[in-house]
Amino acid sequence: MNIIVCIKQVPNTTDVKIDPVTNTLIREGVESVINPFDAYAIEEAVRLKERCGGKVTVLTMGPPQAENALREALALGCDEAVLVSDRKFAGSDTWATSYTLAAAIRKIGDFDVILCGKQASDGDTAQVGPGISAHLDIPQVTYVKKIEEISGTVAKVERMTEEGYDVVETPLPCLFTVVKEINTPRLPSLKGMMRAKSAKPLKWTAEDIEADPAALGLDGSPTRVIKIFTPEQRKGGEMLKGDTADISKELVELLKDLVI
Amino acid sequence: MDYLLTEQQAMIRDLARKIADEKIKPVAAHYDETEEFAWPIMKILADSDLFGVYLPEQYGGLGGGILDMCLVTEELSRACGGIALGYAGTGLGTLPILLYGSEEQKQRFLPAIAGGKKLAAFCITEAEAGSDAGSIKTTARKEGGKYILNGTKQWITNAGEAEIYTVIASTDKSKGVRGASAFIIEKGTKGLTFGKKEKKMGIRASATREVILTDCEVPAENLISREGMGYIIAMKTFDSSRPGVAAQAVGIAQGALDHAVEYSRTRIQFGQPISSFQAIQHMLADMGTQVEAARALVYATARMVDSGARSVAKESAMAKLFASDVAMKVTTDAVQIFGGYGYMREYPVEKYMRDAKITQIYEGTSQIQRNIIAANMIKESIKK
């Protein structure tokens, strides 16, 4: 079974601060880590390999230092690593990012399962995973909390919903995004870390993945960010006191004043 | 302080620290209370390859030495000296095979230990042979291609949990210590049973039991080295393992110190944190200095062992003596800094004090260490 796991390097959210002037994340000097949700995807990929045999390829798009995230994934049991990195990718939104990753996956070639974390802790969009499956025209199951059964051609998974979970059967290849309930990620092994230290992740540019230049980076991104701001903190409500008849009238007047 | 560790050693230390912080700290009080053996933690240590850091690569290890083992033991002991002993006790049980085992024995036993699939235990102590290790009563009688062992070993760390036991028994009583021999006995061997689990003051997550040998048949190929080498094997094993006990002591002391420093910053008395009082500051300063001095001695000794030095008995004894005394002193002072809270089992520091005490007792009491140190000093002086 060939498994591809897509990860993102994100700032460690426990020490992220917002620039009060620009209202953007201060990324300088902040430690980068693997997106916590992707850690579950990596673990599930390695468990699938242990269960069914095969190979895990870890893929990321990002600046050159994203190689560190790939090495970490290799230390956790992934077999091969691919970094897609190019100035042309700068400014990509979820559409352009998923297009780029899909192009890289086509170049990797044969695969049965693609695993992603349910969302990234910095952007929180949860769109890239589904985007990849759309670009590749394969089925997707989001918020997977358990892979019940999996064979060469079909998988049965539990998909978390607000009320409980759905059991979904899907043909393979398929893309799954996973939630943290799916497993407890292992710690790296020393042998894995040493192997990772000397490993050489593949590095692909826009040209290598034969991507359409117009679909990349800021130009390929339909999303326009108009404004980012920290929402004003909600002030406490007002409690009306008195008997029911009085406060009902008072409430109506207040609502009238607010023109609701 | 920078101890000029290799990149690999720093990696080992960091991973052990991560496991200690993330996996052991949250469960340390539970295992102390229940006295259960922390198998889930042993599994994590195994999966992380930490059991093999000091074993040669050809047997599935990482090719490091005693210093590497000390780094792991110290970091794990910062979180729990009892759980760390499942690891360190395996090291002790493994050393006789590593130091004196035949190539065939190493190939047979070391890979499973390096991979953490099997724990080991070292069995020398008996009811009437503690510090006086030469007076063991367990016997091994050769019969054809096997030895028949009879006797009871006491207070054996990892007993019942381990799969591999290295046992010192007398093959010739008339020769005293020169009649002792070392054997490898696997769990499941007929005649090998275990006594009840001991209830202890500290290191309660560690399993301590009797190992009972009743006409236990051990194949002759499980004899380590040759007959009569048992006492030498045991003493050389201790020379290499004592830095490990010392590292456990350093870890316990550091763990207690970390708690004490943090608590002193947050505990308000007389309208200010108690860390602002010189009385507390000076205690912390002494504790920090003692721990660092102990660590420096332990690492230097471990490096000396790893360099292949001919005799390390004196230095190993010094490291264990000093570090265990530091652990007792520092953990006692940590309880003092916590005051009444420190005495309560709801707070973490009294456990460190209970755990520290054993480091002054096992693998040779502090008094025996002084005997070894002095004997070597006098011997060196005569040779001059």
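Computed from a prediction, not measured in an experiment: that's the story for all the values here. (Residues numbered from 1 in each chain as written. Chains lettered and ligands numbered in written order. Predicted model: local features only at pLDDT ≥ 70, side-chain atom pairs only at ≥ 80, totals over all residues. Heavy atoms only, no water.)

Draft legend 1. Broad picture of the interface of chain B and chain A. Each side of the interface is counted separately: chain B has 18 residues, and chain A has 11 residues. Approximately 1,100 Å² of surface area, both sides summed, lies buried where chain B meets chain A, with 74% of it carried by carbon and sulfur atoms. In this structure, Glu7(B) engages Lys197(A) in a salt bridge whose closest nitrogen and oxygen atoms are separated by 3.6 Å. Seen at the junction of chain B and chain A, the total is five residue pairs in polar contact (both at pLDDT 80 or more). Per-element tally for the side of chain B that touches chain A: the top contributor is helix H1 (residues 7–34) of chain B, with nine residues. Among the residues forming the side of chain B that touches chain A, the class breakdown is eight nonpolar, four polar and six charged. (Contact = heavy atoms within 4.5 Å. Buried area = accessible area lost by both parts, 1.4 Å probe. Salt bridge = Lys/Arg side-chain N within 4 Å of Asp/Glu carboxyl O. Polar contact = N/O pair within 3.5 Å; in protein donor to acceptor, adjacent residues only side chain to side chain. Helix = DSSP H or I, 4+ residues; strand = E, 2+ residues; numbered from the N terminus. Nonpolar A, V, L, I, M, F, W, Y, C, P; charged D, E, K, R; others polar.)

Draft legend 2. Main features of the nonpolar core. Formed by 118 residues in total, the largest nonpolar core has its most connected members in Leu50(B), Tyr87(B), Leu149(B), Tyr165(B) and Ile185(B). Excluding residues within four positions of it along the chain, Leu50(B) makes contact with Leu190(A), Ile12(B), Ala16(B), Ile19(B), Leu45(B), Val72(B) and Tyr87(B). Within the second largest apolar cluster, 37 residues are counted, among which are Val5(A), Val46(A), Val113(A) and Val178(A). (Core = buried A, V, L, I, M, F, W, Y, C linked by side-chain atoms within 4.5 Å. Buried < 20%, exposed > 50% of the residue type's maximum accessible area, 1.4 Å probe, protein only.)

Draft legend 3. Fine view of the packing of aromatic side chains. The final tally for this structure, using the stated rule, is 10 aromatic pairs over all chains. With a centroid separation of 4.8 Å and an interplanar angle of 65°, the aromatic rings of Tyr147(B) and Phe183(B) are classed as edge-to-face. On the criterion of sequence distance, the pair formed by Tyr147(B) in strand S3 (residues 146–157) and Phe183(B) in strand S5 (residues 180–186) is long-range, its members being 36 residues apart. Each member of the pair Tyr147(B) and Phe183(B) is classed as buried. The interplanar angle of 40° and the centroid separation of 5.4 Å between the aromatic rings of Tyr165(B) and Phe194(B) together place this pair among those described as tilted. Here the residue Tyr165(B) occupies a position in strand S4 (residues 164–170), and Phe194(B) occupies one in strand S6 (residues 192–194), the gap between them amounting to 29 residues. On the basis of relative accessibility, which here comes to 0%, the residue Tyr165(B) falls in the buried class. Taken together, Tyr263(B), Phe338(B), Tyr341(B) and Tyr347(B) form an aromatic cluster joined through their ring pairs. Positioned above the aromatic ring of Trp204(A) is the side chain of Lys107(A), whose terminal nitrogen or guanidinium carbon lies 5.1 Å from the ring centre. Between Lys145(A) and the ring centre of Tyr165(A), over which it is positioned, the NZ or CZ distance is 4.3 Å. (Phe/Tyr/Trp six-rings, centres within 6.5 Å; stacked < 30°, edge-to-face > 60°. Lys NZ or Arg CZ within 6 Å of the ring centre and 35° of its normal.)

Draft legend 4. Broad picture of helix H2 (residues 39–47) of chain B. All names here are of chain B. Looking only at H2, the buried set comprises Ile41, Met42, Leu45 and Ala46. The buried residues of H2 occupy an angular sector of 145° when the element is viewed end-on, so they sit on one face. Considering only its buried residues, H2 is in contact with H1, helix H3 (66–79) and helix H4 (81–100). (Arc of directions from axis to C-beta.)

Draft legend 5. Structural context of the pattern of salt bridges. All names here are of chain B. Summed over all chains, the structure comprises 43 salt bridges over all chains. Between Glu75 and Arg17 there is a salt bridge, with its nearest N and O atoms 3.0 Å apart. Taken together, the residues span a long stretch of sequence, with Glu75 in helix H3 and Arg17 in helix H1 at a distance of 58 residues. Classification of Arg17 by relative accessible area gives partly exposed; the value is 29%. A salt bridge links Asp333 to Lys329, with the nearest nitrogen and oxygen atoms 2.7 Å apart. Of this pair, Asp333 and Lys329 both sit in helix H8 (residues 313–338), separated by four residues, roughly a single helical turn.

Draft legend 6. The domain arrangement of chain B, seen in detail. All names here are of chain B. With domains assigned, chain B is organised as domain 1 (7–118), domain 2 (121–227) and domain 3 (231–379). The gap between the C-alpha centroids of domain 1 and domain 2 is 22 Å. With 26 residues of domain 1 at the interface, the matching set in domain 2 holds 24 residues. Both faces combined, the contact of domain 1 with domain 2 buries some 2,200 Å², and carbon together with sulfur accounts for 58% of it. Here domain 1 and domain 2 share four salt bridges between them. The closest approach of N and O atoms between Asp32 and Arg204, which form a salt bridge, is 3.6 Å. Taken together, the connections running from domain 1 to domain 2 amount to 10 residue pairs in polar contact (both at pLDDT 80 or more). Counting residues per element, the ones that place at least two in the side of domain 1 that touches domain 2 are H1, H4 and helix H5 (103–114). If you tally residues by element for the side of domain 1 that touches domain 2, the top one is H4, at 12 residues. Taken together, the residues of the side of domain 1 that touches domain 2 break down into 12 nonpolar, eight polar and six charged. (Domains from an automatic or database assignment.)

Draft legend 7. Here's a closer look at the environment of Ile108(A). All names here are of chain A. Within the fold, Ile108 resides in helix H3 (residues 94–108). In this structure the C-alpha to C-alpha distance between Ile108 and Ile4, which are 104 residues apart in sequence, comes to 8.9 Å. In this structure Ile108 touches Ile4, Thr57, Leu59, Val82 and Trp204, once residues within four positions along its chain are discounted.

Draft legend 8. Main features of empty space enclosed by the protein. All names here are of chain B. As enumerated under the stated definition, the model contains one cavity of 30 Å³ or more in all. Here the largest cavity is characterised by a volume of approximately 90 Å³. The wall of the largest cavity is formed by 13 residues, among which Ala88, Ser241, Gly244, Val245 and Glu363 lie closest to the centre. Taken together, the elements giving at least two residues each to the lining of the largest cavity come down to H3, H4 and helix H6 (230–266). Broken down by element, the lining of the largest cavity gets its largest block of residues, five residues, from H4. Residue classes in the lining of the largest cavity are distributed as seven nonpolar, five polar and one charged. Two domains share the lining of the largest cavity, each providing at least three of its residues, namely domain 1 (7–118) and domain 3 (231–379). (1 Å grid on protein atoms, 1.4 Å probe; cavity = no way out; pocket = protein on both sides within 12 Å on 5 of 7 lines; lining within 4 Å. Points joined across faces, edges and corners; volume = space filled by probe spheres on them.)

Draft legend 9. Representation of the state of the cysteines. Residues and elements named next belong to chain A. One pass over the full model with this rule turns up zero disulfides over all chains. Summary of cysteine pairing: Cys78 is not part of a disulfide, and the nearest cysteine sulfur, belonging to Cys6, is at 11 Å. Between Cys116, a cysteine without a disulfide, and Cys6, which holds the nearest cysteine sulfur, the sulfur-to-sulfur distance is 4.2 Å. Overall, the relative accessible area of 5% leaves Cys116 in the buried class. (Disulfide = S-S within 2.5 Å.)

Draft legend 10. Fine view of the pairing of S4(B). Residue and element names in this part refer to chain B. For S4, a buried count of seven out of seven residues is recorded, marking the element as mostly surrounded by other parts of the structure. Relative to S5, S4 is paired through seven bridges, and the arrangement is antiparallel. Bridge pairing in S5 links Val167 to Phe183. (Pairing = 2+ DSSP bridges.)

Draft legend 11. Geometry of a positive patch on the surface. All names here are of chain B. Taken together, Lys236, Arg310, Lys379 and Lys383 make up a surface patch of like positive charges. By the element assignment, Lys383 lies in helix H11 (residues 366–383). For Lys383, a relative accessible area of 64% translates into the label exposed. (Patch = residues over 30% accessible without salt bridge, like charges linked within 9 Å, V, L, I, M, F, W, Y side chains within 5 Å. Areas by Shrake-Rupley, 256 points an atom, 1.4 Å probe, with all protein chains shown as cover. Lys, Arg positive; Asp, Glu negative; His and termini not counted. Charge placed at Lys NZ, Arg CZ, Asp CG, Glu CD.)

Draft legend 12. Examining the packing of H3(B) against H4(B) more closely. Residues and elements named next belong to chain B. It is the contact of H3 with H4, at a shortest axis distance of 7 Å, that shows an interaxial angle of 160°. Put simply, H3 runs roughly antiparallel to H4. Mapping the contact onto sequence places Ile66, Met69, Val72, Thr73, Leu76, Ser77 and Ala79 in H3 and Gly81, Ala84, Tyr87, Ala88, Gly91 and Leu95 in H4. Per-class residue counts for the contact of H3 with H4 are nine nonpolar, four polar and no charged. (Axes fitted to C-alpha atoms, helices over the stretch in contact; angles between N-to-C directions. Parallel < 35°, antiparallel > 145°, perpendicular 65-115°, else oblique.)

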